[in-house]
2 protein chains.
Amino acid sequence: MKEIGVGLLGFGTVGAGVVEGLQRNGDLIADRCGVRIVLRKIADLDLERDRGVTVDRSILTTDASAVIADPSIDIIIELIGGVGIARDLVIEALKAGKPVVTANKKLLAEYGAELFALADENKVDLKFEASVAGGIPIILALRDGLVANHIPNVYGILNGTCNYILTRMEAEGLPFDEVLQEAQDAGYAEAEPSLDIDGHDAAHKACLLASLAYGFPVPLDAVYVEGIRDISGEDVDYAAGLGYRIKLLAIIKKRGTKVSVRVHPTLVPDGHMIASVNGVFNAVMVSGDIVDDTLYYGKGAGRLPTASAVISDVAAVAQQVSTESSVHLPAFIPEGGNHELQNIEDVECRYYLRFSLMDKPGVIGRVAQVLGDHGISIASLVQPSQQKDDYVPVIMTTHGAREASCNQALKSIEAMSDIVGAKTIRYRIEDFEDPS
Amino acid sequence: MKEIGVGLLGFGTVGAGVVEGLQRNGDLIADRCGVRIVLRKIADLDLERDRGVTVDRSILTTDASAVIADPSIDIIIELIGGVGIARDLVIEALKAGKPVVTANKKLLAEYGAELFALADENKVDLKFEASVAGGIPIILALRDGLVANHIPNVYGILNGTCNYILTRMEAEGLPFDEVLQEAQDAGYAEAEPSLDIDGHDAAHKACLLASLAYGFPVPLDAVYVEGIRDISGEDVDYAAGLGYRIKLLAIIKKRGTKVSVRVHPTLVPDGHMIASVNGVFNAVMVSGDIVDDTLYYGKGAGRLPTASAVISDVAAVAQQVSTESSVHLPAFIPEGGNHELQNIEDVECRYYLRFSLMDKPGVIGRVAQVLGDHGISIASLVQPSQQKDDYVPVIMTTHGAREASCNQALKSIEAMSDIVGAKTIRYRIEDFEDPS
């Protein structure tokens, strides 16, 4: 059987997972692909640490460039992470005409335009299944499975850490800080958790999904991001009372030429598949104009799930390389027509609002008046309890309204210092309405 | 741009969907694939009926063989259905060296071994994404996305008609017959519904999924099948009380060399993703030894969702044909090692049992004794109400037991005519335990 040489750059957690996957299931993969994937070199600065897998010491090296230059190596796997040396090496590999498989969402979200252009220029693949939703074959589904479809909506639970925290807060009634600490102790959250809990990691992935769905590199700064750090158990409970669960949701929509990409805490209806995604699991719901709603679910992170995705990319490229196929399709294929990235201010959605209002007659009327003045109509209103405090929580949900109008209304309401006790809590609601 | 000619055999519901999909999104598909798919001929016996799409009359013909023989046609789409003429034409096309795309699960479940062997012999593809779970790209996920994985489990809600009926029974508290009638009126069920409601359609699909997961053609008669015709609202309610929903579930497992494939009404735990699949939607959960649990969800039938899958297959083959790629991988790639198909009698699972027992002391003890004698231990027992009738329902769930033992125990219990009022209702429970 023909052999395809692979060089691995970065022997960390996922790198070791890839080695384990190839060792455990190498024969199966070879049978399925008609070509054997042979790991010829691994480059890492640390050649001593125990990764829980056994490799021949002779394939270890600290010289990543030598791995790229090695003529027995056909495919480069980049698992270094970050945007420094990883970027340099991906550029080096693409320029050397070697296809690259990466799990580096940050690199692609920030430098994708440049890197994919370089891949196209050199007619080699830059594959990234593992960079979005870990083990879930979502890139494959979007590119190939749904090739016949325009994609009006993509919704994603793309960060397992956040989903774990929100699931625990809801199930156990625990506060955010306590669950974060617990997630850190369990290894589900980093010691420095901001990349996850402030939504940036999910934003990187949303950026890639949007780019893929609409065929142009969506700049990262066009993605509106809000994290889960400030979500209180109170709001989790009130949302539940209204039949919703709070998820950190990536929402990607195209209406006409307008594309919006945002990541923020979102109330999703209880019975919806997306609401059933618990713990560290990820899910991506893709609506196609031909296929209707589809959803893909699995582990979004972790050594082996991520390795599964890396290996699937390597296998696909290996088959191409082995047949000396000259086909190279660009990563992002424009849909035709213009695209316009929509600012969050122009996005319309429903809102969950928790006001802190003086508990006396006429107050709710004044608030409702301001909302009405900004064209925002109330869908439901609950005042859960009359409390001893001067201020009581009043929870409203609204019908669809423009973000800019909502911002203005909330600003006006906050200025009514005689009746308003605290900043209004505002979350967006997604009802997954049919775009057609 | 290079053109690839396609011939469509069968201009029915899905055929018209394929025409509509290609008409609506042909440019997009061409951009994405780097090749234009051109529908050159449509063969059907009825050339007059209005299908809701406009096609040039000159491409319509009643002569399917001429379509296959047409040198301007590179790919054949078979959407005739059934195992008569469809089988003959697929054989004719494969022998002519033309790749075939089909949605015909019955044909492949019954004649797959022969047809896939013929495809391999002629080194052409026989693709069938649309034949399992409609628009969901599950074949792609299994073959390519999870290429790195051994597959211990596949679970599927594979028949939208059954899932619609069960969802309605549960949500509305309606009896089976009434919901079936309603489903027929709404067009979700056939006038002759037995293929769906007796589980055969799901069995065809389970057969294909198992063949794909384990790499050998699983014969249809190795699939244990039980339909939903006898499910009563009573059991739906009792199951709900125990925290379960009843679904028609395909369960495919491999343990060691043993492969079991079965389709039957199954109690699934409430909070599980599979339990959240409602209405006409399908879902397939695939566990991989590297990737862990993954799930794929979408519409399992219907004109356009099915067309989406057909077109994705055509697009993949068109790209191969256009590059004159000589790669042909067999449809089923053996995993290595032996496989042994397990009889339902040897399968072990948990059971839901509803007995009809005389309402007097000592009766439950006698039943429990018989279960114990057959090695079956009780996990829970509920006697919902003491009724005026002589006989009352007693609901038990068991721990894991072999099917053969359960059959014997139930036979012995039914023989106790002094205390047993009716045949015991028995459903299987699936807790989706981790196989590792």
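Residues numbered from 1 in each chain as written. Chains lettered and ligands numbered in written order. Predicted model: local features only at pLDDT ≥ 70, side-chain atom pairs only at ≥ 80, totals over all residues. Heavy atoms only, no water.

Give me the lowdown on the environment of Ser 412 of chain B, citing residues and values where you can.
Residue and element names in this part refer to chain B. Structurally, the position occupied by Ser 412 is in helix 13 (residues 403-414). Taking relative accessible area as the criterion, Ser 412 reaches 31% and is therefore assigned partly exposed. Along the primary structure Ser 412 and His 374 are separated by 38 residues, whereas in three dimensions their C-alpha atoms are 10.0 Å apart. Among all residues touching Ser 412, those that are not within four sequence positions of it are Val 370 and His 374. (Helix = DSSP H or I, 4+ residues; strand = E, 2+ residues; numbered from the N terminus. Buried < 20%, exposed > 50% of the residue type's maximum accessible area, 1.4 Å probe, protein only. Contact = heavy atoms within 4.5 Å.)

Hey, could you go over the sheet that holds strand 6 (residues 126-127) of chain A for me, with residue numbers and the actual values?
Strands pair in a sheet through their backbones, by hydrogen bonds, and they do so in one of two ways: parallel or antiparallel. Residue and element names in this part refer to chain A. Spatially, the 6 strands line up as an open sheet ordered 3-2-1-4-5-6, and their pairing is parallel. Edge positions in the sheet fall to strand 3 (60-61) and strand 6, since each of these pairs with one other strand and no more. Strand direction decides the pairing type here: strand 5 (residues 100-102) and strand 6, joined by 2 bridges, are parallel. Bridging across to strand 6, Val 101 finds its partner in Lys 127. Helix 1 (residues 13-33) contacts strand 1 (3-9), strand 2 (36-43) and strand 4 (75-78) of the sheet and is inclined by roughly 160° relative to strand 2. (Pairing = 2+ DSSP bridges. Axes fitted to C-alpha atoms, helices over the stretch in contact; angles between N-to-C directions.)

I'd like a description of the interface of chain B and chain A, backed by residues and values.
With 49 residues of chain B in contact, the opposing surface of chain A contributes 49 residues. Of the roughly 4600 Å² buried where chain B meets chain A, counting both sides, 62% is carbon and sulfur surface. The largest per-residue losses of area from chain B upon contact with chain A belong to Arg 32, Met 273 and Ile 290 of chain B, which jointly make up 17% of the total buried on that side. Counting across the chain B and chain A interface gives 4 salt bridges. Here chain B and chain A share 17 residue pairs in polar contact (both at pLDDT 80 or more) between them. Elements represented by at least two residues in the side of chain B that touches chain A include exactly helix 1 (13-33), helix 5 (138-145), strand 12 (292-299) and helix 11 (303-322) of chain B. For the side of chain B that touches chain A, the residue count by class is 26 nonpolar, 14 polar and 9 charged. Note that strand 12 (residues 292-299) of chain A and strand 12 of chain B share 5 bridges and pair antiparallel. What sits directly across from Leu 295 of chain A, in strand 12 of chain B, is Tyr 297 of chain B. (Buried area = accessible area lost by both parts, 1.4 Å probe. Salt bridge = Lys/Arg side-chain N within 4 Å of Asp/Glu carboxyl O. Polar contact = N/O pair within 3.5 Å; in protein donor to acceptor, adjacent residues only side chain to side chain. Nonpolar A, V, L, I, M, F, W, Y, C, P; charged D, E, K, R; others polar.)

Could you give an account of the pairing of strand 7 (residues 153-157) of chain A, with specific residues and numbers?
Residue and element names in this part refer to chain A. Buried residues dominate strand 7, accounting for 5 of its 5 residues. When strand 7 meets strand 9 (residues 244-255), the two strands line up antiparallel, connected through 4 bridges. Along strand 9, the bridge assignment pairs Val 154 with Ile 252. As judged from the 5 bridges shared by strand 7 and strand 11 (residues 281-288), these two strands associate in the antiparallel manner. Across the sheet, residue Gly 156 finds its bridge partner in strand 11, namely Val 284.

So what's going on with unusual backbone geometry? Residues and values would help.
Even without glycine at this site, Lys 123 of chain A takes up a positive phi of about 50°. Tracing the backbone through its elements, the reader meets Lys 123 of chain A in the loop between helix 4 (105-121) and strand 6.

Help me get a handle on the packing of helix 3 (residues 85-95) of chain B against helix 4 (residues 105-121) of chain B, residues and values and all.
All names here are of chain B. Close contact between helix 3 and helix 4 brings their axes to 10 Å; oriented N to C, the two are set at 15°. Between helix 3 and helix 4, the crossing angle belongs to the class labelled roughly parallel. By crossing handedness, the relation of helix 3 to helix 4 is classed as right-handed. The residues of helix 4 that touch helix 3, namely those facing Ala 86, Arg 87, Val 90, Ile 91, Leu 94 and Lys 95, are Leu 107, Tyr 111, Glu 114, Leu 115, Leu 118 and Ala 119. Residues belonging to the contact of helix 3 with helix 4 are distributed by class as follows: 9 nonpolar, no polar and 3 charged. (Parallel < 35°, antiparallel > 145°, perpendicular 65-115°, else oblique. Left-handed = near helix turned anticlockwise from the far one by under 90°.)

Honestly, it's all geometry; don't read function into it.
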